[in-house]
Amino acid sequence: MKLGIVGLPNVGKSTLFNSLTKAGAESANYPFCTIDPNVGVVCVPDHRLKLLGDLYHSKKVTPAVIEFVDIAGLVKGASKGEGLGNQFLANIREVDAVVHVVRCFEDPNVIHVEGSVDPARDIDTINLELIFSDLEILERRISKTSRSAINDKALAKELAVLKELQAVLEDGQPACTYENDDEDLMAFVRSLNLLTCKPVIFAANVSEEDLADDGASNPYVAAVRETAAKTGSGVFVISAQIEQEIAELEEDEKQEYLEALGLSESGLDKLIAASYELLGLISFLTSGEDETRAWTIKTGTKAPQAAGKIHSDFERGFIRAEVVNYQDLLDCGTYAKAKEKGLVGLEGKDYVVKDGDVILFRFNV
């Protein structure tokens, strides 16, 4: 999974990126301090892995990972080349979802590029730049398709969709609001890789004081939640500054610090949970003496396709899957005992994999 972190300059993007990835992206109190997109890979926290690894005495434990891309602060006119312009919009096209950091705190020592804190305005500024960029893509595509669609019915249908999408964007709406009953045409829309088709998670960046009640008393956070509700986007409340402090602590100190702040989980944990929910993702597990590992798949994935995440041969030669819930396995203490109790299912090609399934795939190529 690849997430792009975007937002206006000085909203806490690079501070958040630094704390999430410990990759050391430059953070400074002026626009455009991030000149190139910074990339960091983060392990997905999963307490099940250590427990299973201990049970099997695994030589290696491999968590799922998320790749974060920190993209320079966009400003009004970025789609037309203002600030650092379109080169950063191009980077967003490569991600699975967009994490849009919105400033929800007052601080006279940190300048705001627009002169004041206003989440709804800031979100609109970014959204409009993404819409303008998508319109440029559509205009070029319409021009190209128009020449070929005269004698081609399939292309004529695509051209009609392109023009309908153009109308949606010109109305100030993101491409994700477009609907069409024809699944093939919707697949065509997805293939355009439009920025405003990307799922969005809003990160409401607050001060430490607003963390304990999850921003419930912060009117700026309320504005973010109201805006997100219109497009079904995710929202989580975070303090980039606190996350930076947490990132500098040793593992055993982190939980104590979180508890002192009245928090049950870190911002990274909240972001990962929000990402998995928004993108409809779950994890299944494989475990043995050599390795215990988490694999990320879409909710609703069937056993052969899940096997294919490990290796294409597993999917091609799929015979069956031996499946046990990780908690049942831990409770029994060994795979053999779980099998004796009838807790290991022998599943075929139609089995839909569930979160927390520990699976042994049988295949023959």
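Residues numbered from 1 in each chain as written. Predicted model: local features only at pLDDT ≥ 70, side-chain atom pairs only at ≥ 80, totals over all residues. Heavy atoms only, no water.

Thoughts on the packing of helix α4 (residues 119-148) against helix α5 (residues 153-170)
Step number 1: Orientation of α4 relative to α5, taken along the N-to-C sense of each, is 155 degrees, at an axis distance of 9 Å. Compared by their axis directions, α4 and α5 come out roughly antiparallel. The way α4 lies across α5 gives a crossing that is left-handed. Residues I131, D134, L135, L138, E139, R141, I142, T145, S146 and S148 of α4 touch α5, and the partners they reach there are L155, L159, L162, K163, L165, Q166, L169 and E170.
Step number 2: Taken together, the residues that form the contact of α4 with α5 break down as nine nonpolar, four polar and five charged. (Axes fitted to C-alpha atoms, helices over the stretch in contact; angles between N-to-C directions. Helix = DSSP H or I, 4+ residues; strand = E, 2+ residues; numbered from the N terminus. Parallel < 35°, antiparallel > 145°, perpendicular 65-115°, else oblique. Left-handed = near helix turned anticlockwise from the far one by under 90°. Contact = heavy atoms within 4.5 Å. Nonpolar A, V, L, I, M, F, W, Y, C, P; charged D, E, K, R; others polar.)

Thoughts on helix α11 (residues 303-310)
Step number 1: Where α11 is concerned, the buried positions are A303, P304, A306 and A307. Buried residues of α11 fall within an arc of 160 degrees about the axis and therefore sit on the same side.
Step number 2: Taken together, the buried residues of α11 touch β8 (281-287), β9 (291-298), α12 (312-316), β10 (318-325) and β12 (357-363). (Buried < 20%, exposed > 50% of the residue type's maximum accessible area, 1.4 Å probe, protein only. Arc of directions from axis to C-beta.)

Topic: the environment of V189
Step number 1: With respect to the helices and strands, V189 occurs in helix α6 (residues 183-191).
Step number 2: Looking at V189, the relative accessible area reads 3%, which means it is buried.
Step number 3: Expressed as a C-alpha distance, the spacing of V189 and E158, which sit 31 residues apart in the sequence, is 8.8 Å.
Step number 4: What V189 contacts, discounting residues up to four positions off in sequence, is V161, L165, Y178 and C197.

Here's the deal with the pattern of salt bridges
Step number 1: Counted under the stated rule, the structure contains 18 salt bridges.
Step number 2: One salt bridge connects K50 with D54, and the closest N-O pair in it is separated by 2.8 Å. Of the two residues, K50 and D54 are both situated in helix α2 (residues 47-56); the distance of four residues between them amounts to about one turn of the helix.
Step number 3: Relative accessible area serves as the criterion here: at 56%, K50 is assigned to the exposed category.
Step number 4: Note that E322 is salt-bridged to K339, the shortest N-O span being 3.9 Å. Pair noted here: E322 is in strand β10 and K339 is in helix α14 (residues 335-340), with a separation of 17 residues, a long-range link. (Salt bridge = Lys/Arg side-chain N within 4 Å of Asp/Glu carboxyl O.)

Remarks on the environment of L330
Step number 1: Tracing the chain through its elements places L330 in helix α13 (residues 326-332).
Step number 2: For L330, a relative accessible area of 22% translates into the label partly exposed.
Step number 3: Linking L330 and L55, residues 275 residues apart in sequence, is a C-alpha distance of 7.5 Å.
Step number 4: Ignoring sequence-local partners within four residues, the contact set of L330 consists of L51, L52 and L55.

Re the pairing of strand β4 (residues 65-70)
Step number 1: Inspection of the sheet shows strand β1 (residues 2-6) paired to β4 by four bridges, in the parallel sense. Counterpart to I5 in the pairing with β4 is D70.
Step number 2: Pairing analysis gives six bridges linking strand β2 (residues 38-43) to β4, with the strands arranged antiparallel. What sits directly across from V39, in β4, is V69. (Pairing = 2+ DSSP bridges.)

As for the pairing of strand β6 (residues 200-205)
Step number 1: Counting buried positions over the six residues of β6 gives five, a clear majority of the element.
Step number 2: Relative to β6, strand β5 (residues 97-103) is paired through six bridges, and the arrangement is parallel. Looking across to β6, one finds that V98 is bridged to V200.
Step number 3: In the classification by handedness, the crossover that spans β6, the intervening helix α7 (residues 219-231) and the parallel strand β7 (residues 234-238) is right-handed. (Right-handed = clockwise from strand over helix to strand, strands pointing away.)

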